[in-house]
Amino acid sequence: MSRNTRIIVIVAAFLLQPFLTALLPGVLVPNLLFCILMIMASVMEPDELVLPMILVCVFSLIQDVYYSQYIGVGVIALIITMLVVMWIRRLANIENPFFLAMLVIVTNLVYAVVFWGIYAMLSSPYSFFYMLKRLPMAVIPNVVFMFVALILISQDLIQRRRDGYFR
């Protein structure tokens, strides 16, 4: 994926997120910025992630300003989750479909727990059990979107490895 393509995908995700939420009320809509960044973190090299990370952090901060109770919580949760994904990626094989399923689920759980933990430190009234009660409804669309995208991308990576092109 070229640099310009990454920029276009991130900007499109940022612009599409509020429209999808407004156009499809009552429908579970994935957090597109989170999903795109986690997909990029799981398939791209760390040195290629600097620009996408900066863009997603800026757009996530803008979303926090408009939609969140506290500003910056989403950015901190994204950074911590991305670091966890990059650490897990060093330990396991990305092409394994079972690993992809576990990575997607663990990524979403880490993001939710970190997000709630920061909110709890800032004395938010939401309890851990309230977060757990709402967690499946927030995680399901992210898991579906990320799993489909990672399967499509990992098939391309497997093909490149067979061609001898993979680094």
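Each remark here, short or long, concerns the structure printed above.
Below, the structure is looked at part by part. (Residues numbered from 1 in each chain as written. Predicted model: local features only at pLDDT ≥ 70, side-chain atom pairs only at ≥ 80, totals over all residues. Heavy atoms only, no water.)

Right, let's talk about the overall build of the protein chain for a bit. Broken down by element type, the protein chain carries six helices and zero strands. Against the 2.2 N^0.38 benchmark of 15 Å for 167 residues, the protein chain shows a C-alpha radius of gyration of 16 Å, consistent with a compact globule. Along the first, second and third principal axes, the C-alpha atoms of the protein chain reach 55 × 30 × 30 Å. Of all 167 residues assigned to the protein chain, the portion counted as buried reaches 41%. (Helix = DSSP H or I, 4+ residues; strand = E, 2+ residues; numbered from the N terminus. Rg over C-alpha atoms; globule rule 2.2 N^0.38 Å. Buried < 20%, exposed > 50% of the residue type's maximum accessible area, 1.4 Å probe, protein only.)

Another aspect to go through is the packing of helix H4 (residues 73–91) against helix H5 (residues 97–121). In the contact formed by H4 and H5, the axes pass within 9 Å of each other and the chain directions differ by 145°. As H4 runs across H5, the sense of the crossing is right-handed. Two secondary-structure elements touch here, H4 through Val-73, Gly-74, Ile-76, Ala-77, Leu-78, Ile-80, Thr-81, Val-84, Val-85 and Ile-88 and H5 through Phe-99, Leu-103, Val-106, Thr-107, Val-110, Tyr-111, Val-114, Phe-115, Ile-118 and Tyr-119. Of the residues belonging to the contact of H4 with H5, the class tally is 17 nonpolar, three polar and no charged. (Axes fitted to C-alpha atoms, helices over the stretch in contact; angles between N-to-C directions. Left-handed = near helix turned anticlockwise from the far one by under 90°. Contact = heavy atoms within 4.5 Å. Nonpolar A, V, L, I, M, F, W, Y, C, P; charged D, E, K, R; others polar.)

It is worth spelling out helix H1 (residues 3–23) at this point. Here H1 is 21 residues long and its end C-alpha atoms lie 30 Å apart, about the 30 Å a rise of 1.5 Å per residue gives. Of the residues making up H1, those classed as buried are Arg-6, Ile-10, Ala-13, Phe-14 and Gln-17. (Expected span 1.5 Å × (residues − 1).)

Let us now look at a nonpolar patch on the surface. Judged by side-chain polarity, Val-50, Ile-54, Val-58, Leu-61, Ile-62, Val-65, Tyr-66, Tyr-67 and Ile-71 come together as a nonpolar surface patch covering roughly 920 Å² of accessible area. In this structure, Ile-54 sits in helix H3 (residues 50–67). (Patch = residues over 30% accessible without salt bridge, like charges linked within 9 Å, V, L, I, M, F, W, Y side chains within 5 Å. Areas by Shrake-Rupley, 256 points an atom, 1.4 Å probe, with all protein chains shown as cover. Salt bridge = Lys/Arg side-chain N within 4 Å of Asp/Glu carboxyl O.)

What follows deals with the packing of aromatic side chains. Counting across every chain of the model gives nine aromatic pairs. Taking 5.0 Å as the distance between ring centres and 70° as the angle between the ring planes, the aromatic pair formed by Trp-116 and Phe-128 counts as edge-to-face. Taken together, the positions of Trp-116 in helix H5 and Phe-128 in helix H6 (residues 128–162) put the pair twelve residues apart, joining distant regions of the chain. Among the residues examined, Phe-128 registers a relative accessible area of 32% and is labelled partly exposed. Relative to Phe-129, the ring of Phe-128 lies with its centre 6.2 Å away and its plane at 70°, an arrangement referred to as edge-to-face. (Phe/Tyr/Trp six-rings, centres within 6.5 Å; stacked < 30°, edge-to-face > 60°.)

In this structure, Ile-10, Met-38 and Met-82 are the most contacted members of the largest nonpolar core, which totals 46 residues. Those elements that provide at least two residues to this core are H1, helix H2 (32–43), H3, H4, H5 and H6. It is H2 that contributes the most residues to this core, eleven residues altogether. Apart from the residues lying within four places of it in its own chain, the contact partners of Met-38 are Leu-78, Thr-81, Met-82, Val-85, Thr-107 and Met-146. (Core = buried A, V, L, I, M, F, W, Y, C linked by side-chain atoms within 4.5 Å.)

On to the environment of Val-104, then. Checked against the element boundaries, Val-104 lands in helix H5. Owing to a relative accessible area of 1%, Val-104 belongs among the buried residues under this scheme. If we ignore the near neighbours within four places in the chain, the residues touching Val-104 are Val-143, Met-146, Phe-147 and Leu-150.

Function cannot be read off these values alone, since they describe shape.
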